[in-house]
Amino acid sequence: MSRTIGIDLGTSTTEAAVYRDGKKELIFNPDGLAITPSAVGIDESGNWVVGERARAQYLMLPESTAIEVKRKTGTDEAITLGRARYTPIELQAKLLSYVRAYASAYLGESVDRAVISVPAYFNDMQRRDTIRAGELAGFTVERILNEPTAAALSYGLDHMEEESHVLVYDLGGGTFDVTLLEMFDGVLEVKASGGDNQLGGKDFDELLMEHLLGRFQDRTGKNLRKDRRALARIKDEAEKCKIALSDSESFHILIPAICVLGGVPAELDETVTRAQFETLTKGLLQRTHEPIDTVLADAGITENEIDHVILVGGSTRMPMVARDILDYLGIEPVHAVHPEYSVAEGAAVQAGIISGEIDPAESLIMTDVNPYTLGVRTDDDGSGDCMNVVIPRNVTIPVTRTERYTTCRDYQTEVLVEVYQGESRIATHNHRLGKFYIRSIPARPVGAEELDISFSYDLNGILKVSAVLLSTGMEKGIEIDMAKGGEKAQDLSGWKEAEGAKTWRAVIRTAERLLSRPQALPEALRGSLREATDELKKALIHGNREDAEAEGDTLRELLRIAKGGGV
Ligand SMILES: Nc1ncnc2c1ncn2[C@@H]1O[C@H](COP(=O)(O)OP(=O)(O)OP(=O)(O)O)[C@@H](O)[C@H]1O
Ligand SMILES: [Mg+2]
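Residues numbered from 1 in each chain as written. Chains lettered and ligands numbered in written order. Predicted model: local features only at pLDDT ≥ 70, side-chain atom pairs only at ≥ 80, totals over all residues. Heavy atoms only, no water.

## Comments concerning the pairing of strand E14 (residues 187–196)
In step 1: Within E14, 8 of the 10 residues are buried, which leaves it mostly tucked inside the rest of the structure.
In step 2: Of the strand pairs in this sheet, strand E13 (residues 176–184) and E14 are connected by 9 bridges, and their pairing is antiparallel. If you follow Phe184 over to E14, its bridge partner there is Val187.
In step 3: What sits between the antiparallel neighbours E13 and E14 is a turn of 2 residues, in which Asp185 has the positive phi angle 50°.
In step 4: Bridge analysis of E14 against strand E18 (residues 365–369) gives 3 bridges, and the strand direction is parallel. Note on E18: the bridge partner recorded for Val187 is Ile365. (Buried < 20%, exposed > 50% of the residue type's maximum accessible area, 1.4 Å probe, protein only. Helix = DSSP H or I, 4+ residues; strand = E, 2+ residues; numbered from the N terminus. Pairing = 2+ DSSP bridges.)

Structure (C-alpha cells):
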C-alpha cells in the first residue's frame with residue numbers, strides 16, 4: 001500500500017507531513033521549504049504555476065493568479081484566471097496536485113493517499129468540496145480532519161501523560177477555529193468546537209490595505225481601489241507590514257510607481273505604527289470572543305478549568321492576540337506547538353494511525369465532535385419554518401440519531417424533508433443542505449402515518465440522511481451534496497457515473513498523457529488541447545451533460561489531429 005500523507009490545505013499556506021520511522025516529518029517542496037503559498041495561476045505561456053512562483057506572479061499578473069481560494073470553498077463562485085473560469089474545487093485540486101507531486105518526489109515513492117485537514121467550523125458542503133478537490137488531484141482522501149483537532153493530536157502525541165483541559169486557538173490566514181479538548185490517559189477527547197470561517201489574517205491585511213488606500217486618496221485624490229495590479233502590490237506590502245509589526249513598533253511602506261499622476265509615477269509612502277495597526281484591527285479580535293464563549297458553554301466548563309491555551313496559526317504571532325486572550329480569559333496562552341506546522345503534523349499522525357504506521361497500542365485515542373446543529377424543517381408552530389433538531393452541535397462523532405415524525409394533514413400522501421444546518425430556531429435562517437420527498441404515503445387521517453428520519457454524521461464530518469415510512473417500510477435516502485445543483489444535479493448524478501462520463505474520463509486521460517510530453521505536440525495545438533481538457537473536466541465536475549458532450553467532441557477531434565490525423 002502506498003504511503004498516506006497529512007496535508008494542511010490552508011487559506012494562505014499549505015504544508016504536508018508524513019509519519020515514518022516512528023516520527024512526524026515535514027515534507028519539503030522543490031524550493032526546499034515546508035511552507036508553500038496557497039497560490040495558483042496561469043503564466044504568460046499558458047502553463048500552470050503553483051506555490052511560490054504563483055505567489056510571485058500575483059504581483060505582476062493578479063488577473064491570472066488566484067490566492068486565498070479556500071475562502072470560496074463550498075461555493076460555486078467562479079474564479080477567473082486570464083480568459084478561463086475555474087471553480088474553487090479545481091484550483092484547490094491544482095494546489096493538491098502540486099503537493100502530491102512534490103511529496104512523491106520527496107519521499108521517493110508515489111503518494112496517493114491523504115488525510116486533509118479543514119477548519120473545524122467548515123460545513124458539510126465545504127468538506128465535500130475538499131474531498132472532491134483531493135480526488136481530482138489523484139488522492140484517495142482517507143480522512144477529513146478538523147484543523148484544531150489535528151494540532152491537538154500533534155501536541156497530544158508529545159504529551160501523552162498529561163491530564164488537562166486544553167483550548168486550541170487557531171487563527172490562520174482565512175479562518176478562526178476554537179476547540180476545547182480534554183486529555184487523559186492517552187485519550188484526547190474534543191468537547192466542543194466553534195469558530196468563524198470568515199475570519200483570519202487576510203482580514204487584518206484588508207483593513208490595513210483600506211487604511212493605506214484611504215490615506216493615498218486623501219493625499220493625491222486618486223482612488224486605486226479598481227486598479228488590480230496596484231491592489232495586489234498594496235496587499236502584499238500590507239501583509240509584510242503586518243508581519244513586521246509583530247516584532248517592531250513601526251514599519252515604513254514604500255511602493256514606488258504605484259500609479260501615474262499628472263504624467264509622473266507616484267509612490268505610496270506611509271509609516272504605520274503597531275499601535276495604529278492594533279487600533280485599526282481590534283474589532284476583528286473581538287469577533288473571536290463569541291465563539292470562545294459558545295465553545296466553553298457547550299463543553300460545560302469555565303475559564304478557570306482551562307489548563308492551557310495553545311496557539312495555532314500564523315496570525316497568532318501578532319502580539320495583540322495573546323494579550324487579548326489574557327484580557328478575555330485571564331490565561332496566558334502558549335506557543336506549545338509550531339503555529340504553521342502542527343496541523344500538517346497532526347494530519348500525518350492521523351494518517352499514521354489509519355495506515356497502521358503508528359502502533360495502536362502506543363497511540364492516542366481521539367474523539368471529535370460536529371460543530372453545527374443539524375435538523376429538518378417542520379411545521380411545529382404553524383409557520384412551517386421551525387428548525388427541528390436531529391443532532392445538536394458538539395456531540396461526539398460518529399453519531400446516528402433518529403427522530404419520529406407524523407403526517408400533519410388528513411390524507412397527506414407526500415412529505416417534503418428539508419435538511420438544515422445551523423443554530424437558528426428558524427429553519428430558513430440556517431443553511432439548507434438538501435431536500436427530498438417521501439411519496440406514495442397511504443392516504444390516511446392526520447397523524448396516522450409515521451416517519452423515522454435518521455441522520456448519520458461520520459468521522460469526516462459528512463452527513464447522510466435517510467427516512468423510513470413505518471407502515472410500509474419504504475426507505476429513502478439522500479446524499480447531502482445534492483443541495484448544490486438542486487433537483488437538476490439529482491437527475492444528472494446517475495449520468496455522471498454512467499457510460500458517457502466514463503468515456504470522457506478516458507479521453508481526458510489520453511489528452512493528459514499527450515500534454516505531459518510537450519515535445520510531442522506543436523505549441524498551438526497544445527494550448528487548445530489543454531483548454532479543451534480543462535473545459536471538459538469542468539463540465540464533468542458540474543454534471544453538465546450538454547457542455548460535456550460538446551467539449552468532449554472538441555477534445556476528441558483535437559486528439560485525432562494531434563495523433564497525426566490532419567485538419
Ligand atoms: N509574524 C506574523 N505576524 C502576523 N501575522 C503573521 C505572521 N506570520 C504569518 N502571519 C499571518 O498568518 C497567516 C497564515 O497563517 P497560516 O499559515 O497558519 O494560515 P493558513 O493555515 O493558511 O489559513 P487557515 O488555517 O485560516 O486556512 C497569514 O495571514 C499571515 O499573514
Ligand atoms: Mg491553518
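## Brief notes about the site of ligand 1
In step 1: Surrounding ligand 1, one finds 22 residues, the nearest of these being Thr11, Thr13, Lys70, Glu239 and Ser246.
In step 2: Taking Thr11, its side chain carries an N or O atom lying 2.6 Å from an oxygen atom of ligand 1.
In step 3: With respect to ligand 1, the side chain of Glu239 contributes an N or O atom lying 2.5 Å from an oxygen atom.
In step 4: In the complex, the protein chains occlude 93% of the 650 Å² of accessible area that ligand 1 would expose alone.
In step 5: Because more than half of its atoms lie within 2 Å of the grid, ligand 1 is assigned to the second largest pocket.
In step 6: Counting only elements with at least two residues in the shell around ligand 1, the list comes to helix H5 (201–220) and helix H6 (228–244). (Near = heavy atom within 4 Å. Polar contact = N/O pair within 3.5 Å; in protein donor to acceptor, adjacent residues only side chain to side chain. Areas by Shrake-Rupley, 256 points an atom, 1.4 Å probe, with all protein chains shown as cover. 1 Å grid on protein atoms, 1.4 Å probe; cavity = no way out; pocket = protein on both sides within 12 Å on 5 of 7 lines; lining within 4 Å. Sits in = over half its atoms within 2 Å of the grid points.)

## Comments concerning the sheet that holds strand E12 (residues 164–171)
Sheet strands line up and pair through hydrogen bonds in the backbone, either parallel or antiparallel.
In step 1: The sheet built from 6 strands is open, its strands ordered E17-E12-E13-E14-E18-E21 with mixed pairing. Each of the sheet's edge strands pairs with one partner strand only, and the pair in question is strand E17 (308–312) and strand E21 (396–397).
In step 2: Note: E12 against E17, 5 bridges, orientation parallel. Note that in E17 the partner of Tyr169 across the bridge is Leu311.

## Things to note about the side chain of Arg71
In step 1: When you line up the elements, Arg71 lands in the loop between strand E7 (65–67) and strand E8 (79–81).
In step 2: A residue is classified by how much of its surface remains accessible, and Arg71, at 14% relative accessible area, is buried.
In step 3: Ignoring sequence-local partners within four residues, the contact set of Arg71 consists of Thr11, Gly174, Asn197, Gln198, Leu199, Gly200, Lys202 and Asp203. (Contact = heavy atoms within 4.5 Å.)

## Focus: the domain arrangement of the protein chain
In step 1: Domain annotation for the protein chain reports domain 1 (3–199 + 287–369), domain 2 (201–283), domain 3 (374–484) and domain 4 (490–565).
In step 2: One C-alpha centre belongs to domain 1, the other to domain 2, and the line joining them spans 29 Å.
In step 3: Contact residues are listed per partner, giving 23 residues for domain 1 and 19 residues for domain 2.
In step 4: At the boundary of domain 1 with domain 2, total buried surface from both sides reaches about 1800 Å², with 52% on carbon and sulfur atoms.
In step 5: When the buried surface of domain 1 facing domain 2 is broken down by residue, Leu59, Met318 and Met320 rank first, second and third, together holding 28% of it.
In step 6: Where domain 1 packs against domain 2, one counts 7 salt bridges.
In step 7: The interface formed by domain 1 and domain 2 includes 12 residue pairs in polar contact (both at pLDDT 80 or more). (Domains from an automatic or database assignment. Buried area = accessible area lost by both parts, 1.4 Å probe. Salt bridge = Lys/Arg side-chain N within 4 Å of Asp/Glu carboxyl O.)

## Considering the packing of helix H8 (residues 289–299) against helix H9 (residues 319–329)
In step 1: It is at 12 Å that the axes of H8 and H9 come closest, and there the two elements cross at 50°. Classified by the angle their axes make, H8 and H9 are oblique. Both H8 and H9 take part in a crossing whose hand is right-handed. Touching His289, Ile292, Asp293 and Leu296 of H8 are Asp324, Tyr328 and Leu329, all from H9.
In step 2: Its residues assigned to classes, the contact of H8 with H9 comprises 4 nonpolar, 1 polar and 2 charged. (Axes fitted to C-alpha atoms, helices over the stretch in contact; angles between N-to-C directions. Parallel < 35°, antiparallel > 145°, perpendicular 65-115°, else oblique. Left-handed = near helix turned anticlockwise from the far one by under 90°. Nonpolar A, V, L, I, M, F, W, Y, C, P; charged D, E, K, R; others polar.)

## Some details on the packing of aromatic side chains
In step 1: Applying the stated criterion across every chain, the model contains 6 aromatic pairs.
In step 2: Relative to Tyr372, the ring of Tyr121 has its centre 4.4 Å away and its plane inclined at 25°; by these criteria the two rings are stacked. Highlighted residues: Tyr121 in the loop between strand E10 (111–118) and helix H3 (124–136) and Tyr372 in the loop between E18 and strand E19 (374–378), separated in sequence by 251 residues.
In step 3: We classify Tyr372 as buried; its relative accessible area is 12%.
In step 4: We note Lys70 situated over the ring of Phe122; from NZ or CZ to the ring centre the distance is 6.0 Å.
In step 5: Taking the ring centre of Phe139 as reference, the NZ or CZ of Arg100 above it sits at 5.9 Å. (Phe/Tyr/Trp six-rings, centres within 6.5 Å; stacked < 30°, edge-to-face > 60°. Lys NZ or Arg CZ within 6 Å of the ring centre and 35° of its normal.)

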